[in-house]
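Examination of the molecular architecture
Below are the chains, spelled out letter by letter.
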Amino acid sequence: MKKSAAILVLTLMLCSLMSFPAYAENTAVQGKMTGRTAVHGLASLLLWPGLGQYLNHNETKKNWTHAALGLTGIFRLWSGWDALIDRQGGRWDGKI
């Protein structure tokens, strides 16, 4: 049992050192935080994720992705932060 656990840990450590091409390219450009983006961040956090991205004039694919992933509770935090800092683009073809 200990030998199996040690092999598993060693394998995971070796895998973490490798770079996989499946990682999404980050195309994000961060804007400025202003009073306007603070309101958009709150809208995305409290009302519905994707709303803040829409108000910040992000691409439609990003708005819809945030709105769909907003069904998960944790994504509301990410979407609110994303709208607060007025981030354009991102990972996963600019959607996240």
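Whatever comes next refers back to the structure up there.
In what follows, the accompanying structure is described.

Parameters and conventions
Residues numbered from 1 in each chain as written. Predicted model: local features only at pLDDT ≥ 70, side-chain atom pairs only at ≥ 80, totals over all residues. Heavy atoms only, no water. Helix = DSSP H or I, 4+ residues; strand = E, 2+ residues; numbered from the N terminus. Buried < 20%, exposed > 50% of the residue type's maximum accessible area, 1.4 Å probe, protein only. Contact = heavy atoms within 4.5 Å. Lys, Arg positive; Asp, Glu negative; His and termini not counted. Salt bridge = Lys/Arg side-chain N within 4 Å of Asp/Glu carboxyl O. Axes fitted to C-alpha atoms, helices over the stretch in contact; angles between N-to-C directions. Parallel < 35°, antiparallel > 145°, perpendicular 65-115°, else oblique. Left-handed = near helix turned anticlockwise from the far one by under 90°.

Here S79 shows up in helix α5 (residues 73-84). Using a relative accessible area of 0% as the deciding quantity, one classes S79 as buried. If we ignore the near neighbours within four places in the chain, the residues touching S79 are S44, P49, G50, Q53 and H66.

Moving on, we come to the side chain of D86. The topology assignment puts D86 in the loop between α5 and β2 (87-88). Despite its burial, D86 pairs with no opposite charge; the closest candidate is R36, at 4.0 Å N-O.

Turning our eyes to something else, we now look at unusual backbone geometry. Even without glycine at this site, D86 takes up a positive phi of about 55°. Relative accessible area serves as the criterion here: at 14%, D86 is assigned to the buried category. Positive phi is not limited to glycine here, since D93 has a value of about 60°. Among the secondary structure elements, D93 is positioned in helix α6 (residues 91-94). On the basis of relative accessible area, D93 is assigned to the exposed category, the value being 54%.

A separate point is the pattern of salt bridges. Tallied over the entire structure, the rule returns 4 salt bridges. With a closest N to O distance of 3.4 Å, K61 and D93 form a salt bridge. Of this pair, K61 sits in helix α4 (residues 60-69) while D93 sits in helix α6, and the two are 32 residues apart along the sequence. Of the residues examined, K61 reaches a relative accessible area of 31% and is grouped as partly exposed. The partner of K62 in a salt bridge is D82, and the shortest N-O contact between them spans 3.0 Å. Pair noted here: K62 is in helix α4 and D82 is in helix α5, with a separation of 20 residues, a long-range link.

At a closest axis distance of 7 Å, the pairing of helix α2 (residues 35-47) and α5 adopts a crossing angle of 165°. Considering the angle they form, α2 stands roughly antiparallel to α5. Seen from above, α2 lies across α5 with right-handed handedness. For the pair formed by α2 and α5, the contact residues are T37, A38, H40, G41, S44, L45, L46 and L47 on the first element and R76, L77, S79, G80, A83 and L84 on the second.

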